[in-house]
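Each chain is listed here by its residues.
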Amino acid sequence: MSQKNHEGKKSARERLQEQREKEKARARRGRQAIVAGAVVAVLAVAGGIAVWASSSGKPAANDNEVAVPKQASGGDRPAVPVGSADAPATLTVWEDFRCPACQQFETGFRPVIHELEDSGRLKSEYHLVTIIDGNAGGQGSRNAANAALCAQDAGKFRAYHDLLYSHQPPEPQDKFGDKKYLLQLAGKVKGLVTPAFTKCVNDGTYDRFVKKSNDAFATSGYRGTPTVLLNGKDLSKEKGGQFGPADLKKMVLDANKAKQPGNKQPGKKSATPHTGASPQDKHPGTPQDKHPGTPQDKHPGRNAAPQGELTGRSGAPAS
């Protein structure tokens, strides 16, 4: 074969490879555009984040072997409480700090949730899970959850929790796996970074607590994150899935009728950190921030919906 023919075939192969790469890039952009037009707060993807990998690893440790953060509950379903313990309504949230849909939910519903918590009408219980670590690899879900539990010891769970979602990296990037980065972010919450907090983060003090919470999720029957319930009622199934912050507020106020609100939480709003985030960080406007083009077999069936609404979950666990 002549050198010229050899170079011609090589060039053809290169052109074919370039064309394939362009087609892949075009497909990724298409998926991203769909997600960019979706809701700011959505539970539709909950069924699409497969839980098949979430129950891997060693069996959960016994209760007496699991360190429990201050004021958190251990037991079979470990949780962190936020708000007044005697509030008439309870919001139960299962979420993963690496989960884009959880970030969308937090961005859209956070103002109403904070208002209701601060007024003593609502208490929230956060169950932290590590689905993305199991599906995509890495340790960011676990490390971020542990760091948030360390913040609970310092009485700053909500502020740090919100900060993590405001700075959530694109899903394929396991940036939260870097404990130095988690400590760097903690510096944005006044008074959080102390020797005790730093040691807690670096030592993974609450890793077993996180694993036990994740194991509880894997056997709960819930299909993905975020899973959000008000007084035990799955909000993704309310109003045909078209459920927004105003609907949540109405349901909570209805639950409070003829009942005395719990103790108000003075000063809670001031605990919310100045994140130094750009508008894109607070309200991610890029497809990469909302859903960075991960494989469809991990997140099938995402549905678009009007802004600020929860839609019914779709998709099924990956096989």
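Parameters at a glance
- Residues numbered from 1 in each chain as written.
- Predicted model: local features only at pLDDT ≥ 70, side-chain atom pairs only at ≥ 80, totals over all residues.
- Heavy atoms only, no water.
- Helix = DSSP H or I, 4+ residues; strand = E, 2+ residues; numbered from the N terminus.
- Expected span 1.5 Å × (residues − 1).
- Buried < 20%, exposed > 50% of the residue type's maximum accessible area, 1.4 Å probe, protein only.
- Phe/Tyr/Trp six-rings, centres within 6.5 Å; stacked < 30°, edge-to-face > 60°.
- Lys NZ or Arg CZ within 6 Å of the ring centre and 35° of its normal.

Draft legend 1. Quick peek at helix α4 (residues 140-153). For α4, built from 14 residues, the straight-helix expectation of 20 Å at 1.5 Å per residue is met to within 8% by its first-to-last C-alpha distance of 20 Å. The buried fraction of α4 amounts to 12 of the 14 residues, a majority that puts the element mostly inside the structure. For α4, every residue scored as buried is listed here: G140, S141, N143, A144, A145, N146, A147, A148, L149, C150, A151 and Q152. After α4 finishes, the residue G155 shows a positive phi value of roughly 75°.

Draft legend 2. How the structure looks around the packing of aromatic side chains. Here the structure, examined in full by the defined rule, presents 8 aromatic pairs. With 6.0 Å between their ring centres and 55° between their planes, W94 and Y222 make a pair best called tilted. Of this pair, W94 sits in strand β2 (residues 89-95) while Y222 is found in the loop between α8 (207-218) and β4 (227-230), placing the two residues 128 residues apart along the sequence. The interplanar angle of 85° and the centroid separation of 6.0 Å between the aromatic rings of Y160 and F197 together place this pair among those described as edge-to-face. Of this pair, Y160 sits in helix α5 (residues 157-166) while F197 is found in helix α7 (residues 195-203), placing the two residues 37 residues apart along the sequence. Each member of the pair, Y160 as well as F197, is classed as buried. These aromatic residues form a ring-pair network of at least three members: W94, F217 and Y222. The side chain of K175 reaches across the aromatic face of Y181, ending 4.5 Å from its centre.

Draft legend 3. Structural detail: unusual backbone geometry. Following T225, the chain continues to P226 via a peptide bond in cis, the omega torsion being 0°. In this structure, P226 sits in the loop between α8 and β4.

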